[in-house]
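Now for the letters of each chain:
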Amino acid sequence: MFGLGAAQGYVILVLTIAALAIEVFAFIHALRTRPDAFVAAGKRTKNFWLAVTGVAALLGFVSLGNLGIFTILGVVAAGVYLADVRPAVETVQGRGTGSHQGPYGPW
């Protein structure tokens, strides 16, 4: 019989897999970005962000299926990278939107 506890277990498993995917994406992006782009964007070094996103991915893998503090820490670390560092280094590398780009094009 399929109970509420089993449904909650599946939801937590899906959430932790999604968190792991975000953390791995952040690590791969940091790995593929040029080292000088981090410094030019005014962020920490590439090695620092590789360590942060790598530990985040490791925490996500270790806590797979368990929605606890380690999962939250990993998602927060990857989220900081993806929301703050990634757009800055993309702009430095010429792949991001410029300062006069809106959601529908230049303004």
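So, how was this worked out
- Residues numbered from 1 in each chain as written.
- Predicted model: local features only at pLDDT ≥ 70, side-chain atom pairs only at ≥ 80, totals over all residues.
- Heavy atoms only, no water.
- pLDDT = per-residue confidence, 0-100.
- Helix = DSSP H or I, 4+ residues; strand = E, 2+ residues; numbered from the N terminus.
- Core = buried A, V, L, I, M, F, W, Y, C linked by side-chain atoms within 4.5 Å.
- Buried < 20%, exposed > 50% of the residue type's maximum accessible area, 1.4 Å probe, protein only.
- Contact = heavy atoms within 4.5 Å.
- Patch = residues over 30% accessible without salt bridge, like charges linked within 9 Å, V, L, I, M, F, W, Y side chains within 5 Å.
- Areas by Shrake-Rupley, 256 points an atom, 1.4 Å probe, with all protein chains shown as cover.
- Salt bridge = Lys/Arg side-chain N within 4 Å of Asp/Glu carboxyl O.
- Expected span 1.5 Å × (residues − 1).
- Arc of directions from axis to C-beta.

### Section: the confidence of the model for the protein
Of all residues in the protein, 88% attain a pLDDT of 70 or more, and the chain-wide mean is 89. Within the protein, the lowest mean pLDDT, 60, falls on strand β1 (residues 101-102), and the highest, 96, falls on helix α3 (residues 46-62).

### Structural notes on the nonpolar core
Core analysis: the largest hydrophobic core is formed by ten residues, namely A26, A30, A37, F38, W49, L50, A78, Y81, V85 and V89. Contributing elements (two or more residues each) for this core: α1 (4-32), α2 (35-40), α3 and α4 (69-92). For this core, the element with the highest residue contribution is α4, accounting for four residues. Those residues in contact with A30 that sit more than four places away from it in its chain are F38, K46, W49, L50, T53 and Y81.

### Description of the environment of A57
The topology assignment puts A57 in helix α3. In this structure, the C-alpha to C-alpha distance between A57 and F27, residues 30 residues apart in sequence, is 7.2 Å. Residues in contact with A57, not counting those within four places in the same chain, are L20, E23 and V24.

### Brief notes about a nonpolar patch on the surface
Together, F2, Y10, L13, I17, L58, F61, V62 and L64 line one region of the surface with nonpolar side chains, adding up to about 850 Å² of accessible area. Broken down by secondary-structure element, the contributors of at least two residues to the nonpolar patch are α1 and α3. Turning to its location among the elements, L64 is positioned in the loop between α3 and α4. Under the relative-accessibility criterion, L64 is labelled partly exposed at 36%.

### A closer look at α3
Between its terminal C-alpha atoms α3 stretches 24 Å, which fits the 24 Å expected from 17 residues at 1.5 Å a residue. Among the residues of α3, those classed as buried are K46, W49, L50, T53, A56, A57 and G60. When α3 is viewed along its axis, its buried side chains cluster within an angular range of 135 degrees and face the same direction. Away from the buried face of α3 by more than 90 degrees, exposed residues N47, L58 and V62 are located. Tucked into the core, α3 has its buried residues touching α1, α2 and α4.

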